[in-house]
Each structure stands twice: as C-alpha cells, then as structure tokens.
Amino acid sequence: MLTRILKYSCYILLGGMVITGCKKLEDINHDPTKPTTTEPQYLLTGAEKSAMDILYAGPQNGRTAMAYAQYWTGNDKANDARYLLDEGINAPIWNNLYSVSLHNLNEIIRLNQESPLPVSANQIAIAQILKAWIYQILTDTYGNIPYTDALQDVKNIRPKYDDAQTIYNSLLDTLAQQAAALDPAQGSFPTGDVIFKGNVAAWKKLAHSLMLRLAIRMADADPAKAKSVIEANWQNAMTSNADSAVFKYLSAAPNKFPYNESERELSEFFVTSTLVDYMASVNDPRLPVFARPTKLDTVYRGLAYGTSESNPSRLPPSGYSYPGTRIYAADMSGILMTYPEVEFILAEAAARGMVVGGDAATHYQNGVRASLEFWGITNADSVNAYLQRVPYNEGDWRNVIGTQKWLALYPQGLQGWFERLRLNFSKPNGDSLFIAPVDGSLDQNVTFVPYRLTYPVSEQQQNNASYQAAASAIGGDTKGVKLWWNKQ
C-alpha cells in the first residue's frame with residue numbers, strides 16, 4: 001500500500017499539470033496546463049484523477065450537482081440550492097475537464113501516433129473512451145459545446161461550438177470504433193490506470209456500457225436510434241459489480257477523495273428530506289449508508305430542499321442528517337459508471353419494447369439487488385424483503401425505475417440530475433417526489449429545477465462570437481432552456 005501511495009503522489013496534478021516525477025514547485029517553469037516530456041501512463045493517471053477530482057469536489061458536486069439532483073441541500077450557502085450559480089464553481093468544471101483531463105487524453109493519443117515504437121491501439125482506444133465519457137458530461141451539462149475545434153491549443157483559441165445531438169452521434173460512433181479496436185490479447189498501460197489497472201476487457205465492457213447511457217438518454221428524442229444502439233450493445237456491457245468503473249482513492253494525502261472528513265468534520269451539507277423521507281417510507285437499507293442519524297435525537301431527518309439559512313423553522317444543525325460516513329470517507333471511490341446503472345437502463349429499454357435479453361421486471365430487480373450489493377447490503381432476506389416493498393409495476397415503469405435509478409446513482413450528482421430531468425419521475429404511487437426550493441428560486445428563468453448550467457463567463461469574454469452563436473442555437477444561455485434530449 002505504501003508503494004502505491006508513493007507512486008500516486010508523483011502522479012498528481014499541480015496547477016493543472018501531470019508531473020512525471022516528484023519535483024519541487026520552484027523547479028517547474030513551463031506552462032502548467034501543457035505536459036511536455038512525459039509518458040502515456042502518467043498522463044492517464046492525471047486525466048482520470050483530474051476528472052474525478054472536479055466531479056466529486058465539494059463545490060462542484062455538493063453545491064451544484066448534488067443539489068440539482070435533490071440529494072443534498074446547504075447548511076451554509078443555501079443559495080446554491082436556490083439556483084444562484086457561483087461562477088467560481090461553474091468555471092472549473094469547464095476549464096478542468098477541457099484544459100487538463102481532455103488535454104492529457106489527447107496527449108496520450110498524440111504520443112502514440114508520433115512514437116517511433118509500434119502504436120498501442122489499446123492505449124489510444126482507452127483515451128478515446130475516456131474522452132467520450134467527459135464530452136458527454138460536458139454536453140449534458142451545458143448543451144452545445146466546443147468539440148470538433150476543441151483541444152487545438154494555439155491553432156484555434158476560439159473554437160466553434162458543435163450541436164449537442166451531433167456530438168452524441170459522434171460519441172456513439174467513437175465508442176463503437178474503440179470497443180472494436182480494443183484487443184484483450186495485447187497490452188495497454190503497464191501502470192497508471194487507476195480505474196481498471198490496464199484490463200482491456202474491462203475497458204471494452206465500459207465502452208459498450210457508455211453507449212447504453214448515451215442511447216437511453218436520447219430515448220425520447222430519437223427512439224429509433226436509441227433502440228438500435230441498445231439492442232446492439234447490451235450483451236457486451238457490464239454484467240456484475242466487479243465490472244463497475246470506479247477510481248479508487250487512497251486514505252492518505254495527497255490522494256484522498258476530494259471531499260472527505262478525515263481531517264475535519266464536514267458540515268456544509270445536509271441530506272434532503274426528499275431523500276430521507278422517501279428512503280424511510282420504504283425502509284431502504286441504504287439509508288444508513290447515504291446519511292447518518294442526527295446528533296440531536298439520533299433519527300434520520302433531512303432538511304427540506306432549498307431552505308435558506310434565515311428560515312425561522314430551521315432546527316439547529318444537530319437536528320439534521322449529514323451525508324453518511326462512507327460518502328465522506330477519504331478512500332471513497334470516484335464513480336464513473338456502475339453495473340446497477342446498466343441494469344436500470346436495460347429495465348427501461350425492456351419497458352419501452354426493446355429486446356435486451358429479459359423483461360423489465362427482471363432487469364429492474366437485478367438493478368436493485370446490484371445497488372444494494374454495491375453498498376455492502378448482501379443479506380438475502382433483507383434484499384428480498386426490500387424488493388417486495390418496492391415492486392416493479394409495468395404500468396408505472398417510469399416512476400418505479402426512475403426512483404430506484406435515482407437512488408442507485410447517489411452520490412453521482414450530475415448523473416442523478418440528468419436522469420431526474422430526462423425521466424421527470426414521481427414516486428411510484430404518483431405523488432411528487434421532488435419539490436421546488438422552499439424559500440424560492442433566485443434565478444428568474446427557473447423555479448422548479450435548472451435544465452442546464454450557463455456557459456462560463458470566460459467564454460463570453462474570450463470566445464464571444466462562438467458563445468453567441470451557441471447561445472442562440474440552444475434558445476438562450478439560461479438555466480431554464482431544455483437540452484435536446486429532454487422531452488418531458
């Protein structure tokens with residue numbers, strides 16, 4: 001373990017750069033966003049870690065993504081849950097994913113293509129798969145984004161924005177090509193792959209699984225394309241929790257989970273009453289994992305979403321549940337995609353009439369079981385009893401699958417938010433699950449839930465012509481504009 005920690009400590013990003021050896025900061029005198037001489041495995045570690053670090057950081061995940069998914073709401077700075085977007089939170093999502101993670105992955109491809117040694121098709125394919133994952137996050141967050149003109153450095157510092165639906169189709173093509181190119185008989189990365197340790201077969205399964213994620217998200221906007229992709233790829237996707245793609249952080253600095261309480265108690269967020277009340281109503285065994293009892297009276301009590309700090313009905317902080325200790329652990333994993341999500345995709349696909357090797361009820365039950373197992377709940381009697389409390393209902397598939405998929409995506413704030421928007425689900429009995437912010441929205445363009453994030457202010461300042469064209473193409477740069485796949 002110590003060797004592993006030391007190895008990672010030489011790989012971490014400093015100021016947006018992957019350092020290929022442990023160096024003093026004063027020895028670094030070049031542009032920190034552009035690695036110069038390095039090796040692909042170090043770039044891969046940097047790309048994986050930088051993406052996970054920003055996606056699971058307290059400001060980006062906690063204050064924005066987890067809030068919009070309505071998993072958490074603020075103890076302090078409650079205006080985040082009232083849709084007042086902080087540019088200091090928004091811009092790093094865009095900047096880090098583009099200038100660090102995607103840049104590193106592009107460098108892996110370039111180094112392979114320009115190397116005098118034989119090209120590693122597997123290294124290129126893995127880099128392309130990770131690029132597709134990141135680009136989907138960006139386009140699902142903002143809409144139209146730089147894609148074909150992106151990552152050209154000084155050759156094009158004002159890239160145009162591509163149409164989001166066109167990007168989706170390109171990502172599907174890319175993933176299909178890279179899944180086919182991956183050869184488990186050949187090597188990939190000798191070191192540096194924290195997610196799958198260079199296991200090419202695992203990367204192949206992830207590529208097919210990501211195609212399912214892309215396809216189901218467009219199921220209402222382009223049902224024929226969604227059906228074609230899902231039916232062609234489901235057999236090669238993840239089949240157990242062992243296939244899940246997670247970035248395993250370590251319990252020691254500097255490679256801890258980006259938002260953890262190993263050095264101080266975290267008090268910025270409470271779990272919402274939306275989450276706690278629903279889980280308690282079905283006696284969900286994951287509740288003690290997702291939340292912790294109150295200090296005041298040792299019960300599970302969430303705070304109503306979007307409650308301001310000055311609301312007179314608020315109890316003292318000790319009266320509300322903080323996120324669970326596992327969620328705040330230093331060695332918590334950053335989740336890219338898990339097997340339970342695949343099963344819920346297949347359940348929905350079957351409910352929509354697609355052929356996916358089983359009926360919707362079976363895939364739904366597989367998804368619930370797998371999610372419970374993922375969080376350490378394996379007692380057969382407990383699992384079976386829970387399934388009886390949350391049965392599949394064919395006539396109400398959107399609400400039944402939606403609620404359980406939402407639970408299974410915790411604490412993936414962005415993915416939980418995207419699925420909340422796309423499925424627009426309620427509780428299985430038809431009652432509303434989500435609420436508008438208790439003390440009102442602070443954004444005049446949205447009252448119930450934002451549909452996207454606005455483009456970073458820096459794009460307006462530095463790439464204004466492309467920004468204006470993109471804003472016009474999607475119907476305006478506001479959080480109230482629905483993305484192309486959101487038809488609910």
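The structure presented is a predicted model; accordingly, all values stated were derived computationally and were not measured.

Participant: Outline helix α11 (residues 339-351), supporting the account with residue identities and numerical values.
Facilitator: With 13 residues, α11 ought to run about 18 Å at 1.5 Å a step, and its terminal C-alpha atoms sit 19 Å apart, in line with that. Among all positions of α11, only Tyr339, Pro340, Glu341, Val342, Glu343, Phe344, Ile345, Leu346, Ala347, Glu348, Ala349 and Ala350 are buried. For α11, the elements touching its buried residues are α7 (200-217), α8 (223-233), β8 (333-337), α12 (360-374), α14 (397-409) and α15 (413-423).

Participant: Which residues make up the pattern of salt bridges, and what values go with them?
Facilitator: For the structure shown, the criterion picks out 26 salt bridges. Ionic pairing is found between Arg63 and Asp76, a salt bridge with its closest N-O pair at 2.9 Å. A residue pair is termed long-range when its members are at least 10 positions apart, and Arg63 in helix α3 (residues 58-68) and Asp76 in the loop between β3 (72-74) and α4 (87-114) qualify at 13 residues.

Participant: Explain the side chain of Asp162 to me, using residue names and the numbers behind them.
Facilitator: By the element assignment, Asp162 lies in strand β5 (residues 161-162). According to the relative accessible area criterion, Asp162 is buried, its value standing at 9%. Polar contacts involving the side chain of Asp162 include one to the main-chain amide nitrogen of Thr148, which spans 3.0 Å. Excluding its chain neighbours within four sequence positions, the residues that come into contact with Asp162 are Asn144, Ile145, Pro146, Tyr147, Thr148, Asp149 and Ile167.

Participant: Tell me what's going on with the side chain of Arg314, and back it up with residues and numbers.
Facilitator: Tracing the chain through its elements places Arg314 in the loop between α10 (287-290) and β8. For Arg314, which is buried and forms no salt bridge, the nearest opposite charge comes from Glu309, at a distance of 5.6 Å. Within the local environment of Arg314, its side chain forms a polar contact with the backbone oxygen of Ser308, the two atoms lying 3.5 Å apart. Among all residues touching Arg314, those that are not within four sequence positions of it are Gly74, Asn75, Phe270, Leu303, Thr307, Ser308, Glu309 and Tyr320.

Conventions used here
- Residues numbered from 1 in each chain as written.
- Predicted model: local features only at pLDDT ≥ 70, side-chain atom pairs only at ≥ 80, totals over all residues.
- Heavy atoms only, no water.
- Helix = DSSP H or I, 4+ residues; strand = E, 2+ residues; numbered from the N terminus.
- Expected span 1.5 Å × (residues − 1).
- Buried < 20%, exposed > 50% of the residue type's maximum accessible area, 1.4 Å probe, protein only.
- Contact = heavy atoms within 4.5 Å.
- Salt bridge = Lys/Arg side-chain N within 4 Å of Asp/Glu carboxyl O.
- Polar contact = N/O pair within 3.5 Å; in protein donor to acceptor, adjacent residues only side chain to side chain.
- Lys, Arg positive; Asp, Glu negative; His and termini not counted.

None of this, on its own, says anything about what the molecule does.
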